[in-house]
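Per-entry structural report
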Amino acid sequence: MKGLLLVGVVALLVGSSAQSQWYGSANNPGGGERWGPGPSFLPKGAKLAVISGNPGAAGPFVIRLRFPPGYAVPPHSHPADEHVTVIQGALELGMGANVHSRTQILHDGASIVAPANMNHFASTAVGATVQISMRGPFAINYANPRDDPRRR
């Protein structure tokens, strides 16, 4: 019985630390978005709010990211389709592992899907707030491992 209890406590702690990369922001049904620092897998400067679901668990989730002017996310992919909608600002998005690939600029209300396992990259000159809908658990794989902020 003690062993089972210990396993339960360890599982709870591991689950809590996995959720903490999302800065502990569970859904906030009482009123609006709760913004916190972006997770460690993004370059510094982003802000994040969890709108629904749990990005660290299996199943659908929705998050919002705020990028300051001059922000960029290097080429990367995800194991699930990523649905991106620009809420405010302008986001320059390109598909491929090379940032010199052709890009398109998405403005307020525009959306795009980055298919699972397809490298893509984003930047903003003026700043942007985007909404991302995916199926979790969330994972990100940088095309060039040196670009991964978790390695610093």
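Reading guide: rules and limits
Residues numbered from 1 in each chain as written. Predicted model: local features only at pLDDT ≥ 70, side-chain atom pairs only at ≥ 80, totals over all residues. Heavy atoms only, no water. Helix = DSSP H or I, 4+ residues; strand = E, 2+ residues; numbered from the N terminus. Buried < 20%, exposed > 50% of the residue type's maximum accessible area, 1.4 Å probe, protein only. Areas by Shrake-Rupley, 256 points an atom, 1.4 Å probe, with all protein chains shown as cover. Phe/Tyr/Trp six-rings, centres within 6.5 Å; stacked < 30°, edge-to-face > 60°. Core = buried A, V, L, I, M, F, W, Y, C linked by side-chain atoms within 4.5 Å. Contact = heavy atoms within 4.5 Å. Pairing = 2+ DSSP bridges.

Notes on the overall build of the protein chain
- A count of helical and extended segments in the protein chain gives 1 helix and 10 strands.
- Going from the N terminus to the C terminus, the protein chain shows its helices and strands as α-β-β-β-β-β-β-β-β-β-β.
- Here the protein chain, with 152 residues, has 36% of them falling under the buried criterion.
- For the protein chain, the exposed area adds up to about 8,500 Å²; of that, 58% sits on carbon and sulfur atoms.

Some points on the packing of aromatic side chains
- Summed over the entire model, instances satisfying the criterion amount to 3 aromatic pairs.
- Centroid distance Phe41 to Phe138: 4.6 Å. Interplanar angle 25°. Geometry classified as stacked. Pair noted here: Phe41 is in the loop between β1 (36–37) and β2 (47–52) and Phe138 is in the loop between β9 (128–136) and β10 (141–142), with a separation of 97 residues, a long-range link. Accessibility classification places Phe41 together with Phe138 in one group, the buried group.

Points about the nonpolar core
- Among the nonpolar cores identified, the biggest contains 26 residues, and Leu42, Ile63, Leu65, Phe67, Leu91, Val130 and Ile132 are the most heavily contacted of them.
- Of all elements in the fold, only β2, β3 (59–67), β4 (71–77), β5 (82–95) and β9 reach the threshold of two or more residues within this core.

Quick word on the environment of Ala116
- Residue placement: Ala116 occurs in the loop between β7 (111–114) and β8 (120–124).
- In the structure, Ala116 is positioned 35 residues away from Asp81 in sequence and 4.4 Å away in space, judged by C-alpha atoms.
- Beyond its immediate sequence surroundings of up to four residues, Ala116 is in contact with His78, Pro79, Ala80 and Asp81.

Some remarks on unusual backbone geometry
- The omega angle of the peptide bond from Gly136 to Pro137 is 10°, so this bond is cis rather than trans.
- Tracing the backbone shows Pro137 in the loop between β9 and β10.
- At Asn117, a position not held by glycine, the phi torsion is positive, near 65°.
- Along the polypeptide, Asn117 turns up in the loop between β7 and β8.

Overview of the pairing of β2
- Bridge count for β1 against β2 is 2 bridges, and the pairing is antiparallel. When the bridges of β2 are listed, Pro37 appears paired with Lys47.
- In this sheet, β3 lies alongside β2 in antiparallel orientation, the contact comprising 5 bridges. Looking across to β3, one finds that Ser52 is bridged to Val62.
- The turn linking β2 back onto β3 is made up of 6 residues, and Gly53 within it adopts a positive phi angle of 75°.

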